[in-house]
Structure formats: structure tokens, C-alpha cells
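Fold and contact review
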Amino acid sequence: MAASARFDPVTLEVLWTRLISIVDEAAAALVRTSFSTVVRESNDFACVLTDARGYSLVQATDSIPSFIGTVPRTIREILKEYPPQTLAVGDVLATNDIWLGTGHLPDITVAKPIFRNGALVGFAGTVAHAPDIGGRIRSADSREVFEEGLQIPPLKVVHAGTPDETFLRMLRKNVRVPDLVVGDLFAQFAALDLMERRVLGLMDEQALSDLAGLAEEIQGRSEQAMRKAIRALPDGVYQHETITDGFERPIRLRLALTVKDDAIDIDYAGTDPQVGRAINVAMCYTYAYTAYGVKAALCPGVPNNEGALRPIAVRAPLGSILNSRPPAAGGARAVVGHFLPMMVLLALARAFPERVIAGVGSPLWCLNYAGVDAADKSIAGMFFINGGYGASAVRDGANVLSWPSNISSTPIEMIEQLAPFKFLHRRLRTGTGGNGRHRGGLGQELLLESCATGPLTISFLAERTRPEAAAPGIAGGGPGAPGAVLIDGAPVDPKRQHVVAPGARIELRTPGGGGYGPAAERSPAAREADRIDGYTAHTGV
């Protein structure tokens, strides 16, 4: 079938669905073959197929939202270093560059060119969060990217099917848990191989000489759907401003979303400048999570690909905390970047409040640790925990559900098996959901004890711990409760590293989600159910 051929709706749907099944199968293979809990339990990864130019065709269903926007861009950046004529069958390219990749070093993006009859037809791409990347353990108090670990510029790490042993030796030497890191990397390679085989099989079956025509159809139809959704909005400028915990002082983010005809322009002018700590956000991450917010609000039913993003332009001042300059640190960029989709939703709430959720108890929380075990072998890892979801016009917010990231909370059984911690309790935080006609979701409370044989270095990704940064309600709903981090019963700064002794107790209290609508409109039956379940709504911050 020629590249210029048109696809009838039935054939297009079959091919589109087949492509999605390919990346979903690759995602399952990546999970099954990975070594770390970051991928295997928390699903902190993505699998994507692009066309020969590096523009996305399909993504795995369980992919992390930010990676959907970053992987294709990373492939296009890598192509500047390695143009098609320098690539061969079996090559794999990789980078974790903050500004070319996902905004922080632990995420390693790998891409494999797919050739058919000697011609480049597309790329298989994956990104996964490595359990360690050297340097300081991931923490908001790093000052420069050089502190944060090994930087991998765009490199060819597999040459015509043969892994680059020099690169692997360098990687292993620079990380605390080399078996886990390299094991996960090879799991990514396996996912690339599977996507390559399945795509070539599909092309043979359907007599496709290349993917250009199919890509044009998929991306074009997705673009049409997004532009139609944008045209349904009244033209105008929709603004929102939010406060985050920041580092030593709060950070102010400003957004102006302009709707004109069938396009959206988002400008973060007026946002605070970058800081000398690791909460800075590279533009690649700002774009990805901003575009995701628009897509989730306006056109959630269309599978994600380049076409759905074409009508969306995003800008942030260079040198601002949302468009950092090198060598700014960015290891904890999620504690700022996760606010962006919510800002988009709250700005658009003026146009359709019934389609927007209240603020969520995110950004996602995380505990990172590093030390040595009884045999003096290095240990390192992390696990994720979630706050409460925001309420909507039709239902209460879910308890302890992550958003905008869809990372899963790590099971206690897995943490206790692999990490030097014992859990004393894990329970819902009563009364943390915001008041409203619909109640915000509850946060959770964890109390764990260090079982390490010696000192353990720990750090946190934790946000919404200041009252002014609590998850906001919407349409008259109240805010959720802020979170807190305590060590041995005393509140600590969650943005700094801490060293704890064996037996130390760490308590994590995640924030609740915001409520929707006036609390006076909550039904008596719902109030009674809250009382019975112990979900009594939060009454203020």
C-alpha cells in the first residue's frame, strides 16, 4: 500500500488498534522483565511508537502522561546528533539529558530505529525511571545538575545489535545498584525489540511500504478532533495563578491560556524565576504536562499522538522556574511541574466548571533512600505514595489516588521485602478531604521504622505542606488538608536530605483533595456515610 493511500474508517481503526496493542504488549514485556520496583510495581515508564521523523503515532495505555509528550521530542533531538544516514538496523540510542529528555536525570530514554527494506520507517521508544543514577540521592536541595548524577548525552549504546560495553561499564561504575539499573535498561531494550518485530510484522501483513500514510491519517484525524473541541470553547483569555511550597519560600506560578478559533496558546509569563535548588522545570516537562492538561480537559477520548498536540502552543520565560537554564538542578521537578495540568483545568473552569475536578493532593509524594546493608553492599531505591483526588460535579474525590501522574503506590509487602523499612501503620487520614457538595478524597498516613544496620540517607518529594498551597476547592468547595513529614515525631523540612539512625521513625501524611460545590448542599445521606466510614470532611486549613 503506497504512502499516499487513503484509509477507509474500518481499516484505519483496525490498524490504529493494532498499533496500540503493540505498544501495550511492549509495556507488559517491560514490566515483566524489569528488575526494580520503580518499573515493576509503580509503572514509572512509557512505550511510544513514532514515525520516521520522530512524531508520535501511539503510546502504551499505561504510559506516564509527561513521557507521552517528552519521548517523541527526545527522539527528534537525538536525530540532530544521529541523522538517519548514521543509523543501522539494531542500533539503540539513549540519553537522560535534562533539557532534551524528561527534565531530570533518573529517566533514561532509549530509541530504536525501525528499518524496512533498507528504509527508515519509524522509531520504537521507551523511557523508564532508573532506581539510581548516582550523585546525591534525588532531593530538592541539590544546587546544580552536576550533583544529581551521571549525565548521558545522546549516545549510540547498541551498535547493530551489540551493546556498547564501554558505556555499560561506565554506567555500572556510577550507580549504587548497578544490577537493578542495567537490568531495567535491558528490559527497555527488550521492549524496543518487541515493538520493532510487531511493527514489521504488521507492515508485512498489510503490505505497507512505510508508515507515512498511516501516520498522516492518525495524526490528522486526532488534530481535527482536538481543534473541534477547542472551537467549542468561547474565545478569550483564561487565567490562573497558584502557590507551591517552593524551597525556602513559596513559588508563584502564573498561566494565561488564550483560546482563538481552533488553537490554544498558553503563556507562563510572570512566573517566578528559577532557583538554586532542584525544583526547576525544564521546558520539555513544562510543555508535556501543560499539553496533557489541555488534552485531558477537552479531548480525552482520542488516543494520544502528535496530531492532538498540534493546536497547542506553550511558552515560559527562559530562566523562569518553568523554563530553566543549564546547569540548573531538576531532580525534584515534579513538585512544581505536577501543578501545571491542574492550573490548566482551573483556568478552564470558567468555561465549563462541571467538567473540571477540584485540586488534587499532588504532586506525587516519594521517599528516596540510600545506604549500605549488613554486608556493606550499597542499597538505594524509592517508593511512591499518593494524596487525595479532587472532587467533581458528580462524585466525591477518590482516596489516595495519584494525579496528574498515574504512578501506582508501591505495595507495603514489596517495600518491606526489598527496602530497609518496617511499616507500623498505613491508614487513611480522617478528615483531610475538602468540604463540599462532593467531598475531596482523603490523603493517607504512613508510619515506618528504619531497619537498616547503619545510618540511612533519606529524602522526600513532598508538596502541599504549606496551608497556602493546600489543594483548592472549586465551585464553592473547600480546600483539602495540607500534608506533613515527621521524623521521630518532629516536623522536618521535606525538601532537604536527612540522615536517620537505625530504629528512626518516619511519618508521612499526604494531602487531601479539594471539595466541589458548597458544603451546605451535601446530602444528609452522604454526611452520614462520611461519619460511618470515618471520612469526616476537613473543615479548613
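How each quantity is defined
- Residues numbered from 1 in each chain as written.
- Predicted model: local features only at pLDDT ≥ 70, side-chain atom pairs only at ≥ 80, totals over all residues.
- Heavy atoms only, no water.
- Helix = DSSP H or I, 4+ residues; strand = E, 2+ residues; numbered from the N terminus.
- Rg over C-alpha atoms; globule rule 2.2 N^0.38 Å.
- Buried < 20%, exposed > 50% of the residue type's maximum accessible area, 1.4 Å probe, protein only.
- Expected span 1.5 Å × (residues − 1).
- Contact = heavy atoms within 4.5 Å.
- Polar contact = N/O pair within 3.5 Å; in protein donor to acceptor, adjacent residues only side chain to side chain.
- Pairing = 2+ DSSP bridges.
- Axes fitted to C-alpha atoms, helices over the stretch in contact; angles between N-to-C directions.
- Phe/Tyr/Trp six-rings, centres within 6.5 Å; stacked < 30°, edge-to-face > 60°.
- Lys NZ or Arg CZ within 6 Å of the ring centre and 35° of its normal.
- Lys, Arg positive; Asp, Glu negative; His and termini not counted.
- Salt bridge = Lys/Arg side-chain N within 4 Å of Asp/Glu carboxyl O.
- Parallel < 35°, antiparallel > 145°, perpendicular 65-115°, else oblique.
- Left-handed = near helix turned anticlockwise from the far one by under 90°.
- Nonpolar A, V, L, I, M, F, W, Y, C, P; charged D, E, K, R; others polar.
- Domains from an automatic or database assignment.
- Buried area = accessible area lost by both parts, 1.4 Å probe.

Attention now moves to the overall build of the chain. Check the secondary structure of the chain and you find twelve helices and 20 strands. Taken against the 2.2 N^0.38 rule, which gives 24 Å for 541 residues, the C-alpha radius of gyration of the chain at 23 Å falls within 12% of a compact globule. Over its C-alpha atoms, taken along the principal directions, the chain stretches across nearly 65 × 65 × 40 Å. Across the 541 residues of the chain, 60% fall into the buried class.

Let's shift gears to helix H1 (residues 9-33). For H1, built from 25 residues, the straight-helix expectation of 36 Å at 1.5 Å per residue is met to within 8% by its first-to-last C-alpha distance of 36 Å. Residues of H1 that are buried: Leu12, Leu15, Trp16, Leu19, Ile22, Val23, Ala26, Ala27, Ala29 and Leu30. Summarising the contacts, the buried residues of H1 are in contact with helix H2 (37-40), strand E1 (45-51), strand E2 (56-59), helix H5 (178-206) and helix H6 (212-231). In this structure aspartate 8 caps H1, since a side-chain oxygen of it lies 3.1 Å from the backbone nitrogen of valine 10.

On strand E11 (residues 312-315), burial follows the alternation: Ile312 and Val314 on one face are buried, whereas Ala313 and Arg315 on the facing-out side are not. With four bridges connecting them, strand E10 (residues 263-267) and E11 associate as parallel partners. By the bridge assignment for E11, isoleucine 264 is matched with isoleucine 312.

Before going further, it helps to spend a moment on the side chain of threonine 50. Looking at the secondary structure, you find threonine 50 in strand E1. Judged by its relative accessible area of 1%, threonine 50 falls in the buried class. Apart from the residues lying within four places of it in its own chain, the contact partners of threonine 50 are Tyr55, Ser56, Leu57, Pro72, Ile75, Gly122 and Phe123.

A few words on the sheet that holds strand E3 (residues 92-95). Taken in spatial order, the seven strands of this open sheet run E2-E1-E5-E4-E3-E6-E7, and their pairing is antiparallel. Whereas interior strands pair on both sides, the edge strands pair on one side only; in this sheet they are E2 and strand E7 (162-163). Packing against the sheet, H5 makes contact with E1, E3, strand E4 (107-116), strand E5 (119-129), strand E6 (155-159) and E7, and its axis sits at approximately 25° to E4.

What describes a pair of aromatic rings is the distance from one ring centre to the other and the angle between the planes of the rings. Inspection of the entire model under this criterion finds seven aromatic pairs. Judged by centre distance (6.1 Å) and plane angle (80°), the rings of phenylalanine 383 and phenylalanine 421 are edge-to-face. Note that phenylalanine 383 is positioned in strand E13 (residues 378-385) and phenylalanine 421 in strand E14 (residues 421-428), a separation of 38 residues in sequence. Each of the two residues, phenylalanine 383 as well as phenylalanine 421, counts as buried. Each residue in the set Tyr285, Tyr289, Tyr292 and Trp403 is aromatic and connected to the rest through ring pairs, giving one cluster. Note that arginine 355 overlies the ring of phenylalanine 352, its terminal NZ or CZ placed 4.4 Å from the centroid.

Before going further, it helps to examine the side chain of arginine 277. Inspection of the secondary structure puts arginine 277 in the loop between E10 and helix H7 (283-298). Although buried, arginine 277 forms no salt bridge, and the nearest oppositely charged side chain, glutamate 248, lies 4.2 Å from it. Among the polar contacts listed, one links the side chain of arginine 277 to the backbone oxygen of aspartate 141, at a separation of 2.8 Å. Beyond its immediate sequence surroundings of up to four residues, arginine 277 is in contact with Ala140, Asp141, Ser142, Arg143, Phe247, Glu248, Ala329 and Arg496.

What follows concerns the packing of H1 against H5. Close contact between H1 and H5 brings their axes to 8 Å; oriented N to C, the two are set at 155°. Classed by the angle they form, the pair H1 and H5 counts as roughly antiparallel. Our pair here, H1 against H5, has a crossing hand that is right-handed. Between H1 and H5, the contacting residues are Leu15, Arg18, Leu19, Ile22, Val23, Glu25, Ala26, Ala29, Leu30 and Thr33 on the first element and Gly183, Asp184, Ala187, Gln188, Ala191, Leu194, Met195, Arg198, Val199, Leu202, Glu205 and Gln206 on the second. Broken down by class, the residue content of the contact of H1 with H5 amounts to 13 nonpolar, four polar and five charged.

Before going further, it helps to spend a moment on the domain arrangement of the chain. If you check the domain split of the chain, you get domain 1 (9-223) and domain 2 (357-541). For domain 1 versus domain 2, the separation of C-alpha centres amounts to 31 Å. Facing 23 residues of domain 1, the contacting portion of domain 2 comprises 26 residues. Approximately 1,900 Å² of surface area, both sides summed, lies buried where domain 1 meets domain 2, with 56% of it carried by carbon and sulfur atoms. When the buried surface of domain 1 facing domain 2 is broken down by residue, Ser42, Ile137 and Arg138 rank first, second and third, together holding 31% of it.

Taken together, five strands build an open sheet; the order of strands is E14-E15-E20-E17-E18 and the sheet is antiparallel. A single partner strand is all that each edge strand has here, and the edge strands are E14 and strand E18 (490-491). As paired strands, strand E15 (residues 444-450) and strand E20 (residues 505-509) are joined by five bridges and run antiparallel to one another. Paired with glutamate 445 across the strands is arginine 509, a residue of E20.

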